[in-house]
Amino acid sequence: MKFLQSYPKEVKIFLAASLINSAGGSLMWPLTTMYVFDELGRSMADAGLVVMIQAFGGIIGQLLGGALYHRVGVKRLIVGSLGLNALGLFTLPFISSHWMVYMVMMGFIGLCNAVSMPAIQAFVGFRFADRRGELFNVIYVANNIGVALGTALSGFLADVSYHLTFVLNGVTSAVFAMFFLNYLNRLDKQEGPVHLERKSKAEARESIPSLLGNTRIYLYLGLGSLFLWFGNSIWNTGVSPHIISEGMNKSSYGFLWTLNGILIFVAQPVTTWIKRWFAKASSAQMTASSIFYLAAYIVILMLPSYGGMVFAMVLATLGEMLVSPAVPAFISDHAFKAAPFYIGLTGGMTAVGRMVGPYFMGILYDQGGLQPVAWLSIVIAIVAVAFFVIHSVRNRAAERSLAESVSG
């Protein structure tokens, strides 16, 4: 952990809190489809419907988180949403036998969890502006160390009790809320109210239609992310039931996500090399990411054995490592004070992919198993590659035009 020595103490504490929160979250999200399919005895279409409702809540939450950052203030937004998320998780063991209530609560949890995401990313981008690109990647790595720890337990906890995963996730969300409350209160005492709490009158005149008109910042990036995460639904609504149907242990599925978390930590030199030689700009990193995802889905189609799934997870993880830090870094670098809005907007578009993907893949799996799901993921990944290429070309052209106007 020598690379952390150059960061101030507050960054290290923030990373530790993020790690704990992500560990709790990872206890639950890989197991949602398993819980509906295995514990509740529902079809994969029903499992996909639950994930779709949760993702729909996430869409609303992402948009609210970005739009309300300057209006409500970062403290109320982050602490309040995390606290409500914890309360929702604590209720799940008591209402999961009531199907309709369970679906509504999953939508509520998706909303509350998503509200905090653009707010936290924007806060990091504003507070650590001089090193935000680097810090987004470090936070991403820390979060996924938490994922590795959480998913290492997830399959085993599923064998013990699904409800235990809900409670533990709620505890970690509550702890994260208390961390932010204490952290932001301390900043208030030391530096006054955290900067960019509310919009000034001049900034408030920047209307949503004018922000939406700047399509170069968000549109193709958002559409690429939408299709990228649509295709990535294959892990929960294709690979997960396939493992159960083939008689493998549930822990085998948990191991795939443990591998994902470990690779995100140990394979940093690989992605650093890719960024140095092939994808220096964040836009190029998004394109490279979508190509890795496409390769992963081709492997799942051609090698549907467990070994093939492990190899596919390696490829998909490299794609994830490239795209996840690149998106908030690009928006923070190009959108400036409007970054919270665009982070929330692109997050909402991404959540659309997470919403519709599991439902359609659940229907396909019920009808034909893993193969048609893999074909759909491949087609969707090709579309994602196309949108990221358009995003990269448009931004290169815009930057070249700006450079020419300045030099002229």
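These numbers come from a predicted model, not from an experiment. (Residues numbered from 1 in each chain as written. Predicted model: local features only at pLDDT ≥ 70, side-chain atom pairs only at ≥ 80, totals over all residues. Heavy atoms only, no water.)

K.L.:
Pulling in residues and values, what's your account of the overall build of the protein chain?
P.N.:
When helices and strands are counted, the protein chain shows 17 helices and zero strands. Out of the 408 residues belonging to the protein chain, those deemed buried represent 56%. At a minimum sequence separation of 6, the contacts of the protein chain that also span at least 24 residues come to 85%. Per element, the accessible surface of the protein chain, about 17000 Å² overall, is 68% carbon and sulfur. (Helix = DSSP H or I, 4+ residues; strand = E, 2+ residues; numbered from the N terminus. Buried < 20%, exposed > 50% of the residue type's maximum accessible area, 1.4 Å probe, protein only. Contact = heavy atoms within 4.5 Å. Areas by Shrake-Rupley, 256 points an atom, 1.4 Å probe, with all protein chains shown as cover.)

K.L.:
An account of the pattern of salt bridges is requested, with residue identities and associated values reported.
P.N.:
If you walk through the whole model with that rule in mind, you get one salt bridge. A salt bridge links Arg42 to Asp46, with the nearest nitrogen and oxygen atoms 3.8 Å apart. (Salt bridge = Lys/Arg side-chain N within 4 Å of Asp/Glu carboxyl O.)

K.L.:
Describe in detail the packing of aromatic side chains, supporting the description with residues and values.
P.N.:
How two aromatic rings sit relative to each other is set out by the distance from centre to centre and by the angle between their planes. On inspection of all chains with the given rule, the structure shows 15 aromatic pairs. For the ring pair Phe176 and Phe179, a centre distance of 6.1 Å and an interplane angle of 5° mean the geometry is stacked. Here Phe179 and Phe176 lie together in helix H7 (residues 162-191), a separation of three residues that amounts to about one turn. We note that Phe176, like Phe179, is buried. Taken together, a centroid distance of 5.4 Å and an interplanar angle of 75° make the contact between Phe341 and Tyr342 edge-to-face. For Phe341, a relative accessible area of 14% gives the class buried. Classification of Tyr342 by relative accessible area gives buried; the value is 3%. Lying over the aromatic face of Trp99, Arg42 brings its terminal NZ or CZ to 4.2 Å of the ring centre. (Phe/Tyr/Trp six-rings, centres within 6.5 Å; stacked < 30°, edge-to-face > 60°. Lys NZ or Arg CZ within 6 Å of the ring centre and 35° of its normal.)

K.L.:
Outline the confidence of the model for the protein chain, listing residues and values.
P.N.:
With 87% of its residues at a pLDDT of 70 or more, the protein chain has an overall mean of 82. Averaged pLDDT values for the elements of the protein chain fall to 47 in helix H8 (residues 201-204) and rise to 95 in helix H14 (residues 282-302). Within the model, the stretch residues 195-205 combines pLDDT values under 50 with 21 contacts to residues more than four positions away or in other chains. (pLDDT = per-residue confidence, 0-100.)

K.L.:
Can you break down a nonpolar patch on the surface residue by residue, with the values?
P.N.:
A contiguous nonpolar patch, built from Ile20, Val167, Val171 and Val175 and spanning about 280 Å² of accessible area, is present on the exposed surface. Broken down by element, the residue count for the nonpolar patch peaks at three residues, all from H7. Position of Val171 relative to the elements: it lies in helix H7. With relative accessibility at 39%, the residue Val171 sits in the partly exposed group. (Patch = residues over 30% accessible without salt bridge, like charges linked within 9 Å, V, L, I, M, F, W, Y side chains within 5 Å.)

K.L.:
Mind laying out helix H12 (residues 250-266), listing which residues take part and the relevant values?
P.N.:
The end-to-end C-alpha separation of H12 is 25 Å, in line with the 24 Å expected for 17 residues at 1.5 Å each. Within H12, burial applies to Ser252, Tyr253, Gly254, Leu256, Trp257, Thr258, Leu259, Asn260, Gly261, Leu263 and Ile264. (Expected span 1.5 Å × (residues − 1).)

K.L.:
Go over the nonpolar core with me, naming the residues and quoting the values.
P.N.:
Judged by nonpolar contacts, the single largest core of 120 residues is most densely connected at Leu92, Tyr102, Phe180, Trp235, Ile331 and Tyr342. Ranked by residues supplied to this core, first place goes to helix H15 (residues 306-335) with 15 residues. Both domain 1 (7-190) and domain 2 (206-407) contribute no fewer than three residues apiece to this core. Residues within four places of Phe180 in sequence aside, it is in contact with Phe14, Ile78, Val79, Leu82 and Ile120. (Core = buried A, V, L, I, M, F, W, Y, C linked by side-chain atoms within 4.5 Å. Domains from an automatic or database assignment.)

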